[in-house]
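What the coordinates show
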Amino acid sequence: MQSILSLIRWKNLLMIALVQLLIKYALLESFGVTITLNGFGFSLLIIATLCLAASGNIINDIFDQDTDAVNKPKKVIVGKSISEKTAYSLFIGFNVVGVLIGFYLSHLVGRSGFFALFVIVSGLLYIYASYLKQMILVGNIVISALIALSIIMVGLFELLPAITPQNQETQLTFFKIILDYALFAFCINLIRELVKDIEDIDGDYKVGMNTLPIAIGRARATHVTLALTFIPLAAVIYYVITYLYHNLWIVGYFLIFIIAPLIYVIIRLFQAKLKSDYNFISSLLKIIMLFGMLSLLIYKYKLLG
């Protein structure tokens, strides 16, 4: 059981579920926004999202056996704790459950076209692991977009089906807030993906992958990653100055838990040389992502302030 939990990256799945719960209960329901799904329907949305994410993690490990044997030999699961055949069975099982729930949910909210999203995500996760991951930046962008989509899905299923001429402005305002958070998640995850590529350059090179650090070198890839880190930093600073400046407590939260850590990431990228340096930066980016999403808890105080 422990091996299966590690294979599906249960901690990452918990973060996805937490973010979706925060959007529904800390943002949408706390302001009385018109929503579509009841508790049962929303639980199904979370389960569908987590099943597809779990399947993506599994197929990624299946295709990464050779690189993982070099990059993180102590964490290899497929072929050791779990056979490749069992891993494929779990991959198919999670996929089928996720897509079927997506089919049911799409019809439940009266938007049958939404079902295509689950099919596309399922297909992209396989194509990413088997092909796109080996292409410079393409794989990094695709997986970051899928992370962002897990956030946007809440807006699609909760807000869009409930739009009326009377509440259209409110619904779209909150959908825009969700898009802002999805964009933040996309940026942070893209930077983290590049950091992980730099960290894993030895194993990736050994199996013939063509990631950014392999194509242009570790130093140049670090410079590109460093430059990209200024984008979410500037965006968050702009967001705070434009929308949050009147509430010092909220400004303090963003300064301490998001802006300062992003500046520290930039400093560490300047200094990074060892594999352990990039591993630390990757972990720090995940923490920044978490605190960024947790800021949804303080939105109510900002809008009522």
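Note that the coordinates shown come from a computational prediction; the quantities given were computed from them, not determined experimentally.

Some details on the packing of helix α7 (residues 138–158) against helix α8 (residues 168–199)
The angle between the axes and the distance between the axes are what describe a pair of packed helices. Running from amino to carboxyl end, α7 crosses α8 at an angle of 155 degrees, the nearest separation of the two axes being 8 Å. One finds that α7 runs roughly antiparallel with respect to α8. The handedness of the crossing between α7 and α8 is right-handed. Two secondary-structure elements touch here, α7 through Asn-140, Ile-141, Ile-143, Ser-144, Ala-145, Ile-147, Ala-148, Ile-151, Ile-152, Gly-155 and Leu-156 and α8 through Phe-175, Ile-178, Leu-179, Tyr-181, Ala-182, Ala-185, Phe-186, Asn-189, Leu-190, Glu-193, Leu-194 and Asp-197. Residues that form the contact of α7 with α8 fall into these classes: 17 nonpolar, four polar and two charged.

So, helix α2 (residues 10–28)
Compared with an ideal rise of 1.5 Å per residue, which puts 19 residues at 27 Å, α2 spans 26 Å between its outermost C-alpha atoms and is within 8% of the ideal. At Leu-22, α2 shows its maximal bend, which comes to roughly 30 degrees. Buried within α2 are the following residues: Leu-13, Met-15, Ile-16, Ala-17, Val-19, Gln-20, Leu-22, Ile-23, Lys-24, Ala-26, Leu-27 and Leu-28.

Here's the deal with a nonpolar patch on the surface
On the surface, a nonpolar cluster with roughly 390 Å² of combined accessible area is contributed by Phe-63, Tyr-126, Ile-127 and Tyr-131. Structurally, the position occupied by Ile-127 is in helix α6 (residues 115–130). Since its relative accessible area comes to 39%, Ile-127 is described here as partly exposed.

About the criteria used
- Residues numbered from 1 in each chain as written.
- Predicted model: local features only at pLDDT ≥ 70, side-chain atom pairs only at ≥ 80, totals over all residues.
- Heavy atoms only, no water.
- Axes fitted to C-alpha atoms, helices over the stretch in contact; angles between N-to-C directions.
- Helix = DSSP H or I, 4+ residues; strand = E, 2+ residues; numbered from the N terminus.
- Parallel < 35°, antiparallel > 145°, perpendicular 65-115°, else oblique.
- Left-handed = near helix turned anticlockwise from the far one by under 90°.
- Contact = heavy atoms within 4.5 Å.
- Nonpolar A, V, L, I, M, F, W, Y, C, P; charged D, E, K, R; others polar.
- Expected span 1.5 Å × (residues − 1).
- Bend = angle between axes of the 7 residues up to and from the residue.
- Buried < 20%, exposed > 50% of the residue type's maximum accessible area, 1.4 Å probe, protein only.
- Patch = residues over 30% accessible without salt bridge, like charges linked within 9 Å, V, L, I, M, F, W, Y side chains within 5 Å.
- Areas by Shrake-Rupley, 256 points an atom, 1.4 Å probe, with all protein chains shown as cover.
- Salt bridge = Lys/Arg side-chain N within 4 Å of Asp/Glu carboxyl O.

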